[in-house]
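# Commentary on secondary and tertiary structure
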Amino acid sequence: MIKKIQKIDGVVEDFNISKLKRSIRKAGAPEELVDGIAREISKDKKIHSTKDIHSKVYQALVKSKPSAAARYSLKKALHSLGPTGYPFEKYIASIYHYMGYQTKVNITLQGSCVTHEMDVIARTASDLLYVECKYHQSQSAKSNVKIPLYVQARAEDLIEYQKNVEPDGTKFHFFIATNTKFTTDAVQYSRCKGLKLLSWEQPEEDPLPQVIDRYGLHPVSSLTCLTRAQSVRLIENGVVMVRNVPEMYREMSKAGLHPDVIRNAIKESEDILDMMS
């Protein structure tokens, strides 16, 4: 009898062991471990949802290969960039910084009618990106069409004023970034108005998890040796990406982490970086 699994959005589907193996393999687990975990899950009668599967896989990877657990739990890591939206904003800014943009967070800008506080601005010599960040504490929550409607109104007001104070030829872009997904209406409206989306599924050709994995931009909340509170403290002290951890002992100490925790974080980070090299 085929096991039925409930997804986080409530949809029920057949258990797909091949899909499960791909996700574990992609995290960097060796084939023997992939087969063993998948076999155990397929036989476990207590597993009824994707949440159950994720928890079981994560626990097995933490025990056998923590660096793979860190990569496997990316969705959980993005969810852990809370409980306020500020850590997520810092993380998004760090992604753009790594891609060559000059970035700032929480900047107040003048529009034609009113001032606007932007979560992130990122610029190059010719491009100026305004990024609205929407952090959701629930992994099942989605950013609905009200958000791009709101951003579009701000975009019109900002561009009308900012085009007169920015250098000639500056190209303005408006992005909405979320740690979860967008509703169908939100995607449709954004495409119609030229707003760019960054999420678990957007843009379709290069969504956020694909960008993170390709460039090795995993947040420090990915590290299995850290608590959620410790991850937030690190971000507040400028340690945002796993790739930065090995060279930021001083900042981690300033964040109040015990030397043993710092050493474990450095070791796990180095293992993740080795897997991606």
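Residues numbered from 1 in each chain as written. Predicted model: local features only at pLDDT ≥ 70, side-chain atom pairs only at ≥ 80, totals over all residues. Heavy atoms only, no water.

Glancing now at helix 10 (residues 228-236). Those residues of helix 10 lying buried are Gln230, Ser231, Val232, Leu234 and Ile235. Elements that come into contact with the buried residues of helix 10 comprise helix 6 (86-98), helix 11 (249-254) and helix 12 (259-276). Positioned one or two residues after helix 10, glycine 238 has a phi angle of 90°, which is positive. (Buried < 20%, exposed > 50% of the residue type's maximum accessible area, 1.4 Å probe, protein only. Helix = DSSP H or I, 4+ residues; strand = E, 2+ residues; numbered from the N terminus. Contact = heavy atoms within 4.5 Å.)

By the definition in use, this model includes six aromatic pairs. Arranged with centres 6.4 Å apart and planes meeting at 45°, the rings of phenylalanine 88 and tyrosine 135 form a pair that is tilted. Of the two residues, phenylalanine 88 is situated in helix 6 and tyrosine 135 in the loop between strand 5 (127-134) and strand 6 (142-143); the sequence distance between them amounts to 47 residues. The exposure class assigned to phenylalanine 88 is buried, which follows from its relative accessible area of 0%. Exposure remark for tyrosine 135: the relative accessible area of 15% places this residue in the buried category. Pairwise contacts between aromatic rings join Tyr96, Tyr101 and Phe175 into one cluster. (Phe/Tyr/Trp six-rings, centres within 6.5 Å; stacked < 30°, edge-to-face > 60°.)

Let us look at the environment of tyrosine 101. Along the chain, tyrosine 101 turns up in the loop between helix 6 and strand 3 (102-110). Put simply, tyrosine 101 and arginine 243 are 142 residues apart on the chain and 18 Å apart in space, counted from C-alpha to C-alpha. Sequence-distant contacts of tyrosine 101, that is, excluding residues within four places in its chain, are made with Tyr96, Ala122, Arg123, Thr124 and Leu129.

Moving on, we come to the pairing of strand 7 (residues 171-178). The pairing of strand 5 with strand 7 spans eight bridges and is classified as parallel. Bridged to cysteine 133 within strand 7 is alanine 177. Both strand 7 and strand 9 (residues 196-198) contribute to a ladder of three bridges, which runs parallel. In the sheet register, isoleucine 176 faces strand 9, and the bridge partner there is leucine 197. (Pairing = 2+ DSSP bridges.)

Here the focus is unusual backbone geometry. At the junction of glycine 82 and proline 83, the peptide bond is cis and its omega measures out at 10° in the coordinates. The topology assignment puts proline 83 in the loop between helix 5 (74-79) and helix 6. The omega torsion across glutamine 202 and proline 203 is -10°, close enough to zero to call that bond cis. Locating proline 203 in the fold gives a position in the loop between strand 9 and helix 9 (208-215).

This part covers a nonpolar patch on the surface. Residues Tyr98, Met99 and Tyr215 make up a contiguous nonpolar surface patch of roughly 280 Å² in combined accessible area. Positionally, methionine 99 belongs in the loop between helix 6 and strand 3. Judged by its relative accessible area of 37%, methionine 99 is partly exposed. (Patch = residues over 30% accessible without salt bridge, like charges linked within 9 Å, V, L, I, M, F, W, Y side chains within 5 Å. Areas by Shrake-Rupley, 256 points an atom, 1.4 Å probe, with all protein chains shown as cover. Salt bridge = Lys/Arg side-chain N within 4 Å of Asp/Glu carboxyl O.)

Taken by themselves, the reported measurements are silent on function.
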